[in-house]
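Listed here are the chains, written in short residue letters.
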Amino acid sequence: QVQLVESGGGLVQPGGSLRLSCAASGFTFSHYAMSWYRQAAGKERELVATITSDGGSTNYADSVKGRFTISRDNAKNTVYLQMNSLKPEDTAVYYCNAALLAIMSYWGQGTQVTVSS
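The sections below set out a description of the structure shown in this document. (Residues numbered from 1 in each chain as written. Predicted model: local features only at pLDDT ≥ 70, side-chain atom pairs only at ≥ 80, totals over all residues. Heavy atoms only, no water.)

## Thoughts on the environment of Arg-19
Structurally, Arg-19 is set in strand β3 (residues 18-25). The class for Arg-19 is partly exposed, based on a relative accessible area of 46%. Considering only alpha carbons, one finds Arg-19 and Ser-7, 12 residues apart in sequence, at a separation of 8.6 Å. In contact with Arg-19, not counting residues within four places along its chain, are Ser-7, Gly-8, Tyr-80, Leu-81 and Gln-82. (Helix = DSSP H or I, 4+ residues; strand = E, 2+ residues; numbered from the N terminus. Buried < 20%, exposed > 50% of the residue type's maximum accessible area, 1.4 Å probe, protein only. Contact = heavy atoms within 4.5 Å.)

See below:
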């Protein structure tokens, strides 16, 4: 059974930091590119960051470049999103995604991140 379980969300003040984790099981994690998406209330889901299966390449949305860092540990079947200098506009539900080219795609249930004073 495929599972992606996000954790680490919560309430943080502007300028603060959070680290999200996504633990994967039920598929060969090291074969999949991993991404973080987010969806704010009333808005479409957007891609935040992607990391290749071997961790050798990453890409970020312009809105988070220089503030967020995606990483992965294939030995632990886990992908991370380090979020620094958080802004109120980063408030959203953050989702983990696993993708194998255009063949397979799995989603986690999401974790809420709220940036507010």
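Let's pick the thread back up.
## Some points on the pairing of strand β5 (residues 46-51)
Taken together, the five bridges between strand β4 (residues 33-39) and β5 define a ladder with antiparallel strand orientation. Residue Arg-38 lies in a different strand from β5, and its bridge partner there is Glu-46. Counted between consecutive antiparallel strands, the loop separating β4 from β5 contains six residues, among which Gly-42 sits at a positive phi close to 80°. Note that β5 and strand β6 (residues 58-60) share three bridges and pair antiparallel. For Ile-51, the partnering residue across the bridge sits in β6 and is Thr-58. From the end of β5 to the start of β6, which pair antiparallel, there are six residues, and Gly-55 there has a positive phi angle of about 80°. (Pairing = 2+ DSSP bridges.)

## Describing the side chain of Thr-111
You can see Thr-111 is positioned in strand β11 (residues 111-115). Setting aside its immediate chain neighbours within four residues, Thr-111 contacts Glu-6, Ser-7, Gly-8, Gly-9, Leu-20, Ala-92, Val-93 and Tyr-94.

## Quick notes on the pattern of salt bridges
One pass over the full model with this rule turns up four salt bridges. One salt bridge connects Lys-65 with Asp-62, and the closest N-O pair in it is separated by 3.2 Å. Judged by relative accessible area, Asp-62 falls into the exposed class, the value being 65%. Between Asp-90 and Arg-67 there is a salt bridge; the shortest N-O distance is 2.7 Å. Here the residue Asp-90 occupies a position in the loop between β8 (78-83) and β9 (92-100), and Arg-67 occupies one in the loop between β6 and β7 (68-73), the gap between them amounting to 23 residues. In this pair, the class of Asp-90 matches that of Arg-67, namely buried. (Salt bridge = Lys/Arg side-chain N within 4 Å of Asp/Glu carboxyl O.)

## Things to note about the sheet that holds β7
In space, the four strands of this open sheet follow the order β1-β3-β8-β7, with antiparallel pairing throughout. Edge strands, defined here as strands with exactly one partner in the open sheet, are β1 (3-7) and β7. Shown here is a sheet whose adjacent strand axes are inclined to one another by a mean of 15°, direction ignored. Here β1 runs beside β3; their pairing, made up of five bridges, is antiparallel. When the sheet's bridge partners are listed, Val-5 is paired in β3 with Ala-23. (Axes fitted to C-alpha atoms, helices over the stretch in contact; angles between N-to-C directions.)

On their own, these measurements won't tell you what the molecule is for.
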